[in-house]
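This is what each chain is made of:
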Amino acid sequence: MVSKTEESQLQQLENQVENRGGGAWEYLSLVRKLKLRRSDKVLKHGLTILNDPKKRSALGPDEWTLYEQVAIAALDCQCLEVAKDCIKVLQKKFPDSKRVGRLEAMLLEAKGSWAEAEKAYSSLLEDNPLDQVISMRRVAMAKARGDILGAIEWLNKYLEIFMADHDAWRELAEIYVSLQMYKQAAFCYEELILSQPMIPLYHLAYADVIYTIGGLENLQTAKKYYASTIELTGGKNTRALFGICLCTSAIAQLTKGRNNEDKEISGLAAAALEKDYKQSSPSKLSLLSSTLRSLKIQ
Amino acid sequence: MSNGGELRYVIGQNAYIKLILHALKHKTSSVNGVLLGRLSGDVVEITESVPLFHCSQIGLLPPLEIALIMIEEYYSSQGLSIVGYFHANERFDDLELGTVAKNIADHIYRYFPQTAVLLLDNKKLGALRNKKDTAPVMQLYTRDSSRSWNVANRITTKEPSANILLLDFTSSEKWNDIVDFDDHLDDISKDWLNSELFK
């Protein structure tokens, strides 16, 4: 998860590097730190550094980190020859490394040699049963092969051991949503909210899922979580503001009328949206108003 | 009401290219979009498209409901209505119309029985560079009175040069300029109409 400041910092660096303004190493380091997937850019700019002996030696020991980063980016872009070359360099430098072994197995994955990759991961896990990254590769492989139920199974097994891995809970929730298993997705978000109650993203996602399941009680709950999202974001979350409007509208349809509390919060949400659109998106203000009208909020 | 047996579907190149650029911008996730147009005799003319979402929660209702209301409102003033749905799967070789796509398509079908559902065919898209082809790189599905969506072969691009233009845009990485509804909800100053895209 990336904050807005980190996102704009990344965007700035990315533009700078793309326009030959330098800062490639800072960009690559930021991508590494935030664990983002920018494989085509990482490949391009990482190779520029690696193919230049002066730039390479200026990195010192970080050179090997860059080889690893570029190898993974190359795998993602299906540039298998580049990946192979990077892995060879790392194999020479770190001959019995488990970390390099992991890259070799990922290369097998990228080639589509699933059975061999599975064997490689299993043997790596024998010596290292608590390696999170390798355990996750199993899930990724299942997903890549279209074996979604297998991915769910592996992911659940993973979470039994690494239950504090929030990204894994999110991944599982997203897989459940893609299969329309909303109750199971809701459970994942409940776990996340319990362990990190101050993160608005989880409240918002939970509200979206609960709204999608539907029914009066769920709409009431969704409304509460949209409200908590608004609180946690200081009123700045457009999706949550719309969420309030959708909930109060749907509740009114089911109960054949709008109670005063709902009238109040939907009025507040609508006003906040109008203020935001007036300021940042004035050409769409009238569209917003007619949308709110069709939800019977105005 | 015609069951779509004789209907042809024609998609304008701007609508067509926009959807594919959207898919190319978000290579690692599913994306979807709506098709706008009108029924004209025995042809469904798809003249516009709006890219919707790319986030992994593509199956959730709230953003979809807001998007559909806004899009219907905007385009009805131009005499256009929602005539179809576009979907691109997450995986390269997945050419199946999944349940999320079918559900959204079913919803649109209720309002427009001649709904076109277009699924991106990645292999065809990739092959464009080596093999000149004017056919759209999408699989068309239509629904008859049964509940199933069936593959149909009756879609063409309005302009025969659509794929050539698409290749042009691909090499200039034009997808960076595409804005979808997700982007708009994250930053309302972003224009989901993409009015400046082809200028």
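Residues numbered from 1 in each chain as written. Chains lettered and ligands numbered in written order. Predicted model: local features only at pLDDT ≥ 70, side-chain atom pairs only at ≥ 80, totals over all residues. Heavy atoms only, no water.

1. Here we look at the overall build of chain A
Counting secondary structure elements, chain A contains 17 helices and 0 strands. If you line up chain A on its principal axes, its C-alpha atoms span 70 × 45 × 30 Å. Counting only residues that meet the buried cut, chain A has 44% of its 298 residues in that class. Taking all contacts inside chain A whose residues are at least 6 apart in sequence as the whole, residues at least 24 apart take part in 46%. (Helix = DSSP H or I, 4+ residues; strand = E, 2+ residues; numbered from the N terminus. Buried < 20%, exposed > 50% of the residue type's maximum accessible area, 1.4 Å probe, protein only. Contact = heavy atoms within 4.5 Å.)

2. A closer look at the pattern of salt bridges
In total, this model carries 26 salt bridges over all chains according to the counting rule given. For R38 of chain A, the salt bridge identified is with E14 of chain A, shortest N-O distance 3.0 Å. Remark: E14 of chain A occurs in helix α1 (residues 4-18) and R38 of chain A occurs in the loop between α2 (24-34) and α3 (39-50); sequence separation between them is 24 residues. A relative accessible area of 22% places R38 of chain A in the partly exposed class. Residues E45 of chain B and R38 of chain B are paired through a salt bridge, measuring 3.9 Å at the closest nitrogen-oxygen approach. You can call E45 of chain B partly exposed: its relative accessible area is 27%. Each of the salt bridges in this network shares a partner with another, and the network as a whole consists of K143 and E171 of chain A together with E90 of chain B. (Salt bridge = Lys/Arg side-chain N within 4 Å of Asp/Glu carboxyl O.)

3. Observations regarding the nonpolar core
Side chains of a nonpolar character, in soluble globular proteins, are inclined to be buried together. Ranked by internal contacts, the top residues of the largest apolar core, which has 87 residues, are Y226 of chain A together with M70, I71, F181 and W192 of chain B. With 9 residues, the top contributor of residues to this core is helix α15 (residues 238-255) of chain A. The residues touching Y226 of chain A, leaving out its near neighbours within four places in the chain, are L204, A207, D208, Y211, R239, A240, G243, I244 and C247 of chain A together with P62 of chain B. With 39 residues, the next largest nonpolar core counts A71, L90, A105 and L124 of chain A among its residues. (Core = buried A, V, L, I, M, F, W, Y, C linked by side-chain atoms within 4.5 Å.)

4. Focus on the sheet that holds strand β1 (residues 8-11) of chain B
Residue and element names in this part refer to chain B. Strands sit in the order β7-β6-β5-β4-β2-β3-β1-β8 across an open sheet of 8 strands; the sheet is mixed. Taken across any chain shown, the strands that pair with only one partner, and hence form the sheet edges, are β7 (149-152) and β8 (155-157). Taken over all neighbouring pairs, the strand axes of this sheet differ in orientation by 35 degrees on average, direction set aside. Where strand β2 (residues 31-40) and strand β3 (residues 43-51) come together, 8 bridges link them in antiparallel fashion. From the neighbouring strand, G33 faces β3, where its bridge partner is P51. Of the strands in this sheet, β1, β2, β3, β4 (81-88), β5 (116-120), β6 (138-143) and β8 touch helix α1 (residues 13-25), which is tilted by about 40 degrees from β3. (Pairing = 2+ DSSP bridges. Axes fitted to C-alpha atoms, helices over the stretch in contact; angles between N-to-C directions.)

5. Considering the interface of chain A and chain B
Contacts between chain A and chain B engage 33 residues on the former and 28 residues on the latter. When chain A packs against chain B, close to 2,800 Å² is buried across both sides, 58% of that on carbon and sulfur atoms. Area buried by chain A at its contact with chain B is led by R239, K284 and L287 of chain A, which between them contribute 22% of it. Our count for the chain A to chain B interface comes out at 4 salt bridges. There are 12 residue pairs in polar contact (both at pLDDT 80 or more) connecting chain A and chain B. Residue assignment for the side of chain A that touches chain B shows that the elements contributing at least two residues are α9 (132-144), α11 (166-178), α12 (182-195), α13 (200-213), α15, α16 (260-280) and α17 (285-294) of chain A. Of the residues in the side of chain A that touches chain B, the class split is 14 nonpolar, 10 polar and 9 charged. (Buried area = accessible area lost by both parts, 1.4 Å probe. Polar contact = N/O pair within 3.5 Å; in protein donor to acceptor, adjacent residues only side chain to side chain. Nonpolar A, V, L, I, M, F, W, Y, C, P; charged D, E, K, R; others polar.)

6. Here we look at the state of the cysteines
All names here are of chain A. Applying the stated criterion to the full structure yields 0 disulfides over all chains. With no disulfide of its own, C77 lies closest to C79 among cysteine sulfurs, the gap being 5.5 Å. Given the relative accessible area of 30%, C77 is considered partly exposed. (Disulfide = S-S within 2.5 Å.)

7. Examining the pairing of β4 of chain B
All names here are of chain B. Most of β4 is tucked away: 7 of the 8 residues are buried. As paired elements, β2 and β4 share 7 bridges and run antiparallel to each other. Of the residues in β4, the one forming a bridge with V34 is Y85. Note: β4 against β5, 4 bridges, orientation parallel. Bridging from a neighbouring strand, F86 pairs with L118 of β5.

8. Thoughts on the environment of D96 of chain A
Take D96 of chain A: it is sitting in the loop between α6 (80-93) and α7 (98-111). Considering only alpha carbons, one finds D96 of chain A and E274 of chain A, 178 residues apart in sequence, at a separation of 61 Å.

9. Re the packing of helix α5 (residues 62-76) of chain A against α6 of chain A
Residues and elements named next belong to chain A. Across the interface, α5 lies against α6 with an axial gap of 8 Å and an inter-helix angle of 150 degrees. As far as their axial angle goes, α6 and α5 are roughly antiparallel. Our pair here, α5 against α6, has a crossing hand that is left-handed. Of α6, the residues touching α5 (which contributes W64, Y67, E68, V70, A71, A74 and L75) are L80, V82, A83, C86, I87, V89, L90 and K93. In the contact of α5 with α6, the residues fall into 13 nonpolar, no polar and 2 charged. (Parallel < 35°, antiparallel > 145°, perpendicular 65-115°, else oblique. Left-handed = near helix turned anticlockwise from the far one by under 90°.)

10. Focus: the UniProt feature "domain: MPN" (unreviewed entry) in chain B
On the UniProt side, "domain: MPN" (unreviewed entry) is annotated at positions that read residues 9-140 of chain B here. Between the C-alpha atoms that bound residues 9-140 of chain B the distance is 9 Å, and the span itself is 36% helix and 29% strand. (UniProt positions renumbered as here; feature names shortened; annotations may be inferred.)

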